[in-house]
Amino acid sequence: MLEIRNLTKIYDDGTVALRNVSFTVPDGEFLVVIGLSGSGKSTLLRCINRLIDPTEGQIFWDDVDITTLKGDDLRNMRRKIGMVFQQFNLVKRSTVLTNVMAGRLGYVPTWRSIINRFDDADKQRAHAALKRMGITDQSNKRADELSGGQQQRVGIARALMQEPKLILADEPVASLDPVLAHSILQHLENLNKEDGMTIICSLHYLDLVQRYSTCVIGLRDGRLVYQGDKKQILRMTDAEFKTIYGEEAERMGGISGEIAEDECLSDGKEVAE
Amino acid sequence: MNQKDQSSEEKPSLVPPIAAGLTSLVVPGLGHMLARKFRKGLVLLFVFLSAAGLWVWRVNEAARREVGFAAMFKKAIQLQPIILIILVLIILLYFLIALDAYKSAAKTKPNSFLLWAFALTSFFVLGWQIGEIKPAVLVRDGAKSLPLLMRVLWPWEKAVYYPEELLVGKADVVIPCTPNAEVEPRVLEEGAPYVSVTPGCGNLSEIDGAEGTRLHMVGGNFSPNEETEIWWVDQVRNEFRYRYSGEYVKVVTDENGSFELDVVIPYRVIPSTGGKGYALWQVEARQVASVGKPVLSEELKLSVEKMIETIFLGMMSTLFGVVLSIPVSFIASRNLMSANWFTKAVYLVVRTILNIVRSIESLVWAVIAIIAVGLGPFAGILALTVHSIAALGKLYSEAIESIDPGPVEAIQATGANWFQTVWYAVIPQIVPPFVSFTIYRWDINVRMSTVIGMVGGGGIGYLLIQWIRLLDYRSAGIAIWFIAITVAILDFVSSEIRNRFV
């Protein structure tokens, strides 16, 4: 269980990215974070694996306060949290296989990773991950030779190498066309349902949110302004929509699908203002 | 700037247009300032004053010996009419500035194109005069340099030389004919040049009197079709070249290397016969002939040696430059050095030093290095290394500054440590620009090392400048050819490597 308590992040230039955000994610959820660009979604995700140090507040993951971890403890925490990025963030000049292997760095001694010697178990893992993502035949290509959808699959394969319990996905489909977007999100859904990984994913399109999320939070100007489970997101009111996206926002799309019986966000009391 | 323009358009001129024009005639540019075009007025004042000042200086330069400005001016335009043209341009500029001031004050938005065009033209004509540009001289005298140029362009006559040998054939002549003269018979080696005379004795020519005995001279085994000189050696071994009617006598051998010739025993002060009653002379045929195969000339060998030195000079300075500039580039990268005020200060200091070092040319560094370590390639390597560190340090650090932070973030997120992150996310991104900049620098260093010898820093430049000063244009041409060939190969190789790597 991941518990965020009063998380605040103020950047050096004075920008307030997160204001006193609190919520809880039970294990095995597919949590989608929605909100405008600049609302603090990326900052929130990066605070969870400490790519960004929060200014105030705590993050408890299985009762360990992530915000106080240092050195090896921090790295051991990070290797249990996979991350997938909007721009894929692959090392473009390295091969697909090297990029995937890089996901294992947290488990490999420095000297062995420098001379590029991974043991057989790791190689097996890499092949399994590539196979699962359906890109086995691309493994010796340079990462920048692949299409966007394939690159994102490499990104997910890299995260899989960490054998994570939690995957953070920062707008993983924002650079992809709708067909690929579904394909990538289905892979994430798969990991969520079959492997029981918790997914925290930021998304822009409401139809995708409705299709894949098991629960949703909304951020606006760094404040938590919306919380809802699958049921609630399917019948999101225009008022709620405008709280998240602003008064001028025009609601487009969105479906009214089958309402899943789902219960999440048990600790949903602290909605800011 | 736009805002100021607008505000000046809105605000009316301080003075009427006529007044602006007239004040501009007193002080060019002042009219604009009064018409609330302060900056334009300042620029025009500066333009006018500098043009006028430069013109006065050039008049002084052109007629230095004259006294008084009027006399100088007269002499200067007599010597260089272009000075008068410049004066006319400056006067026109003066009036155009006044006209522009009038227009500016009269609220019409003046079209100042003509004014600026005039100002620019004045400066370009001044530049023509200051640069002492004389195309006529190039056309008239340029042709004189053509023979020298040809020697530089095709210097290969000096690349090889043919070893020469003096071929000598001798025959004894007894003067006067004496039956019992002791003449040792000459032993002829097989194939060696020989000369025989018939008869083998005779009398000397007498001054204003009878000609000496005419001898029939036959020679063989000489080099074919070559000019051959005839020399006499008297009994005290004085050698003198044979003349007939005041002219040196030469004979050209036939295709078999043989010749036939009649010679007359020349006049000589009657020498002592040493009590023997006769003198023993020799007549010789001498031929300077090239023998054997052509061999490479000393100049060519020196050029090759120094060219090799040059290439290695460039290589070593690139190596040192690269090795030393990599650490420098890390502390000169803004993105790595923005952690706190101390690292920012280090960044600023390092960047400033790099800029200063880079702005001093390698040749100047070479002169400084020579003071430190003396003449020779080491000084050149030091100079090029210093310059390479500064240039590469800047290029490398810019490459580091421009890496994509995404992969770094992604590798960090996997739980990798700092070293693994640098190895997997930073290094792959900076290798291509580093390789490309290194090759670029290697290219520059080899080019620079060809001239760094001109100030004594080793390499082929030293030979080149020496040969040019000795007016040995052929040898200089050889050196220039080697430089050109090396640079061409270098260009090819470096672009190939770049294509492979980047």
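Residues numbered from 1 in each chain as written. Chains lettered and ligands numbered in written order. Predicted model: local features only at pLDDT ≥ 70, side-chain atom pairs only at ≥ 80, totals over all residues.

## Observations regarding the overall build of chain A
So, point 1. Helices and strands together make up the secondary structure of chain A, namely 10 helices and 10 strands.
So, point 2. Here the contacts in chain A between residues at least 6 apart in sequence split such that 71% fall between residues at least 24 apart. (Helix = DSSP H or I, 4+ residues; strand = E, 2+ residues; numbered from the N terminus. Contact = placed C-beta atoms within 7 Å.)

## Re the overall build of chain B
So, point 1. Within chain B one finds 17 helices and 12 strands.
So, point 2. Residues counted as buried form 33% of the 502 residues belonging to chain B.
So, point 3. The long-range fraction of contacts in chain B, counting pairs at least 24 apart against all pairs at least 6 apart in sequence, stands at 71%. (Buried ≥ 20, exposed ≤ 12 C-beta atoms within 10 Å, placed from the backbone.)

## Re the nonpolar core
One broad trend across soluble globular proteins is that nonpolar side chains are buried collectively.
Residue and element names in this part refer to chain A.
So, point 1. Among the nonpolar cores identified, the biggest contains 84 residues, and Val 32, Val 100, Ile 167, Ile 199 and Ile 200 are the most heavily contacted of them.
So, point 2. Take this core: its biggest share by element is 6 residues, from helix α6 (residues 148–161).
So, point 3. Non-local contacts of Ile 199, meaning those with residues more than four positions away in its chain, are made with Phe 30, Leu 31, Ile 167, Ala 169, Leu 188, Leu 191 and Asn 192. (Core = buried A, V, L, I, M, F, W, Y, C linked by C-beta atoms within 7 Å.)

## Side note on the packing of helix α4 (residues 38–62) of chain B against helix α5 (residues 69–79) of chain B
Residue and element names in this part refer to chain B.
So, point 1. The N-to-C vectors of α4 and α5 enclose an angle of 80 degrees; their axes lie 8 Å apart at closest approach. Taken together, the axis directions place α4 and α5 in an arrangement best described as roughly perpendicular. For the pair α4 and α5, the contacting residues are Val 59, Asn 60 and Ala 62 in the first and Met 72, Phe 73, Ala 76 and Leu 79 in the second.
So, point 2. Grouping the amino acids of the contact of α4 with α5 by side-chain chemistry returns 6 nonpolar, 1 polar and no charged. (Axes fitted to C-alpha atoms, helices over the stretch in contact; angles between N-to-C directions. Parallel < 35°, antiparallel > 145°, perpendicular 65-115°, else oblique. Nonpolar A, V, L, I, M, F, W, Y, C, P; charged D, E, K, R; others polar.)

## Description of the interface of chain B and chain A
So, point 1. At the junction of the two partners, chain B supplies 18 residues and chain A supplies 22 residues.
So, point 2. Among the elements of the structure, α14 (405–413) and α15 (418–452) of chain B are those that each provide at least two residues to the side of chain B that touches chain A.
So, point 3. Looking at side-chain class alone, the side of chain B that touches chain A contains 11 nonpolar, 6 polar and 1 charged residues.

## Section: the environment of Asn60(B)
Residues and elements named next belong to chain B.
So, point 1. Along the chain, Asn 60 turns up in helix α4.
So, point 2. Owing to 14 C-beta atoms within 10 Å, Asn 60 belongs among the partly exposed residues under this scheme.
So, point 3. Sequence-wise, Asn 60 and Lys 75 are 15 residues apart; in three dimensions their C-alpha atoms are separated by 9.9 Å.

## Considering the sheet that holds strand β4 (residues 214–220) of chain B
All names here are of chain B.
So, point 1. With respect to topology, 3 strands assemble into an open sheet ordered β3-β4-β10, the strand pairing being antiparallel. In this open sheet, the two strands that pair with only one neighbour each are β3 (194–198) and β10 (259–264). The mean inter-strand angle of the sheet, taken between neighbouring strand axes irrespective of direction, is 25 degrees.
So, point 2. Of the strand pairs in this sheet, β3 and β4 are connected by 5 bridges, and their pairing is antiparallel. Each residue of the ladder has a partner; that of Thr 198, found in β4, is His 216. (Pairing = 2+ DSSP bridges.)

## Quick look at α15(B)
So, point 1. Over its 35 residues, α15(B) extends only 43 Å from the first C-alpha to the last, a length that falls short of the 51 Å expected when each residue adds 1.5 Å.
So, point 2. Helix geometry: α15(B) is bent most strongly at Ile427(B), by close to 45 degrees, with proline Pro428(B) lying one to four residues after it. (Expected span 1.5 Å × (residues − 1). Bend = angle between axes of the 7 residues up to and from the residue.)

## Overview of unusual backbone geometry
Residues and elements named next belong to chain B.
So, point 1. Of note, the amide linkage connecting Ile 175 to Pro 176 takes the cis form, showing an omega dihedral of -15 degrees.
So, point 2. Following Thr 198, the chain continues to Pro 199 via a peptide bond in cis, the omega torsion being -10 degrees.
So, point 3. If you trace the backbone, Pro 199 turns up in the loop between β3 and β4.
So, point 4. Within the chain, Leu 471 stands out as a residue other than glycine whose phi angle is a positive 60 degrees.
So, point 5. In this structure, Leu 471 sits in the loop between α16 (460–469) and α17 (473–501).

## With respect to the sheet that holds strand β8 (residues 198–202) of chain A
All names here are of chain A.
So, point 1. Read from one edge of the open sheet, 6 strands run β6-β7-β8-β3-β9-β10, paired in mixed fashion. If you trace the sheet from one side to the other, it starts and ends with β6 (81–84) and β10 (223–229), each paired once. On average, adjacent strands in this sheet sit at an angle of 15 degrees to one another, irrespective of strand direction.
So, point 2. Where β6 lies against strand β7 (residues 166–169), 4 bridges are found, and the strand directions are parallel. Its bridge partner lying in β7, Val 84 is registered against Ala 169.
So, point 3. Strands β3 (30–34), β7 and β8 of the sheet are contacted by helix α7 (residues 178–194), whose axis makes an angle of about 155 degrees with β8.

## Comments concerning the environment of Asn49(A)
So, point 1. Looking at the secondary structure, you find Asn49(A) in the loop between α1 (41–48) and β4 (56–61).
So, point 2. Between the alpha carbons of Asn49(A) and Arg78(A) there is a distance of 5.8 Å; along the sequence they are 29 residues apart.

## What to know about the packing of helix α11 (residues 341–359) of chain B against helix α13 (residues 377–401) of chain B
Geometry of a packed helix pair, given as the angle between the helix axes and the separation of the axes.
All names here are of chain B.
So, point 1. Relative orientation of the contacting elements α11 and α13 amounts to 130 degrees, with a least axis distance of 8 Å. Here α11 lies oblique to α13, going by the angle between them. Of the two possible hands of crossing, α11 and α13 adopt the one that is left-handed. Residues Leu 354, Val 357 and Arg 358 of α11 form the contact with α13, whose own contacting residues are Val 386, His 387, Ala 390, Ala 391, Gly 393 and Lys 394.
So, point 2. Partitioning the contact of α11 with α13 into residue classes produces 5 nonpolar, 2 polar and 2 charged. (Left-handed = near helix turned anticlockwise from the far one by under 90°.)

## Side note on the confidence of the model for chain A
Residue and element names in this part refer to chain A.
So, point 1. Mean pLDDT over chain A stands at 86; residues scoring 70 or higher make up 92%.
So, point 2. The low-confidence segment residues 256–262 (pLDDT under 50) makes 11 contacts with residues lying over four places distant or belonging to another chain.
So, point 3. Low pLDDT (under 50) marks residues 266–273, which in the prediction has 16 contacts with non-local residues, meaning those over four places away or in another chain. (pLDDT = per-residue confidence, 0-100.)

## With respect to the pairing of β4(B)
So, point 1. Where β4(B) meets β10(B), 6 bridges bridge the pair, whose relative direction is antiparallel. What sits directly across from Met217(B), in β10(B), is Leu261(B).

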